Amino acid sequence: LFGESSEVINLGLNTEGGKLLKAHNGTAYLMDIDNLPHSVQMRLFNLIKDKQIVYPDGPVAVRCDTRIIASTEASPEELIEKKGFHPELLAYLSAVRIDLPSIKDRIDDIPLLAMDCLAKSGASKVQITRSALDVLKKYDWPGNTREIKNVMSTALHLQHSKGKIGVSDLPQ
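What you see is a predicted model, and the numbers here were worked out from it, not measured in a lab.

Tell me about the overall build of the protein chain, and please be specific about residues and values.
In terms of helices and strands, the protein chain carries eight helices and six strands. Scanning the protein chain from its N terminus toward the C terminus, one meets helices and strands in the order α-α-β-α-β-β-β-α-α-α-β-α-α-β. Roughly 10,900 Å² of accessible area belongs to the protein chain as shown, and the carbon and sulfur atoms make up 52% of that amount.

Following this line, the structure appears as structure tokens:
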């Protein structure tokens, strides 16, 4: 995420640096930030606040002006209360906050999401039976869109009737 030591970067021996330095003057997307160790949270907080990466191996800092877009499965409140997330980092990351409802709260979107997954797999002509859609709508989807993608990929490979996904093709 942060790259090599400051000495290596400043000497030009490794001009790439880490992913955040590669995004200098651009945007970096950090997925599932609730899994970041506290030490990484502190470094990320300092990067956003000071617009530079400070490396632990020396006094030299490297300028890094990167916009951060982050996502998490948990609400910001849960991050702080249950996971001990750094509250100041969360304040910086929450400049613009978009709350998306989980899939279980958008049952009518499930058929569209399932068909989109099939289309992205190159199987846009494959149909899903009404009974299979009913099963998909009743499921809780704790893994959200990732889980729908995996379920549809599995169903596509297990389908008994080519061109049609039924209840028996869905994973248990």
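How would you sum up the packing of aromatic side chains? Please name residues and give values.
Inspection of every chain in the model, using the stated rule, returns two aromatic pairs. Both rings, one in Phe 45 and one in Tyr 92, keep their centres 5.3 Å apart while their planes meet at 70°; by these two values the pair is edge-to-face. Placement of Phe 45 in helix α3 (residues 38-50) and of Tyr 92 in helix α5 (residues 87-93) is noted, with a sequence separation of 47 residues between them. Here Tyr 92 falls in the partly exposed class, since its relative accessible area comes to 39%.

Give me the lowdown on helix α8 (residues 144-158), citing residues and values where you can.
When the terminal C-alpha atoms of α8 are compared, their 21 Å separation across 15 residues agrees well with the 21 Å that a helix rising 1.5 Å per residue should span. Considered for burial, the residues of α8 that qualify are Asn 144, Glu 147, Ile 148, Val 151, Met 152, Ala 155 and Leu 156. On the buried face of α8, the contacting elements are α6 (110-120), β5 (127-128), α7 (130-138) and β6 (164-165).

How would you explain the pairing of strand β1 (residues 27-30) if you had to name every residue and give the values?
Successive side chains on a regular strand alternate, one facing one side of the sheet and the next facing the other. Every second residue of β1 is oriented toward a common face, the buried set being Ala 28 and Leu 30 and the non-buried set Thr 27 and Tyr 29. Pairing geometry for β1 and strand β4 (residues 67-70), over four bridges, is parallel. Among the inter-strand pairings, Ala 28 is bridged to a residue of β4, identified as Ile 68.

Hey, could you go over unusual backbone geometry for me, with residue numbers and the actual values?
We note that Asn 25 has phi near 65°; this positive angle belongs to a residue other than glycine. Here Asn 25 is to be found in the loop between α2 (19-22) and β1. The exposure class of Asn 25 is exposed, given its relative accessible area of 61%. The residue Lys 51 is not glycine, and still its phi comes out positive at about 55°. A relative accessible area of 34% means that Lys 51 is categorised as partly exposed.

What counts, and where the lines are drawn
Residues numbered from 1 in each chain as written. Predicted model: local features only at pLDDT ≥ 70, side-chain atom pairs only at ≥ 80, totals over all residues. Heavy atoms only, no water. Helix = DSSP H or I, 4+ residues; strand = E, 2+ residues; numbered from the N terminus. Areas by Shrake-Rupley, 256 points an atom, 1.4 Å probe, with all protein chains shown as cover. Phe/Tyr/Trp six-rings, centres within 6.5 Å; stacked < 30°, edge-to-face > 60°. Buried < 20%, exposed > 50% of the residue type's maximum accessible area, 1.4 Å probe, protein only. Expected span 1.5 Å × (residues − 1). Contact = heavy atoms within 4.5 Å. Pairing = 2+ DSSP bridges.

Everything listed is a geometric property; what it means functionally is a separate question.
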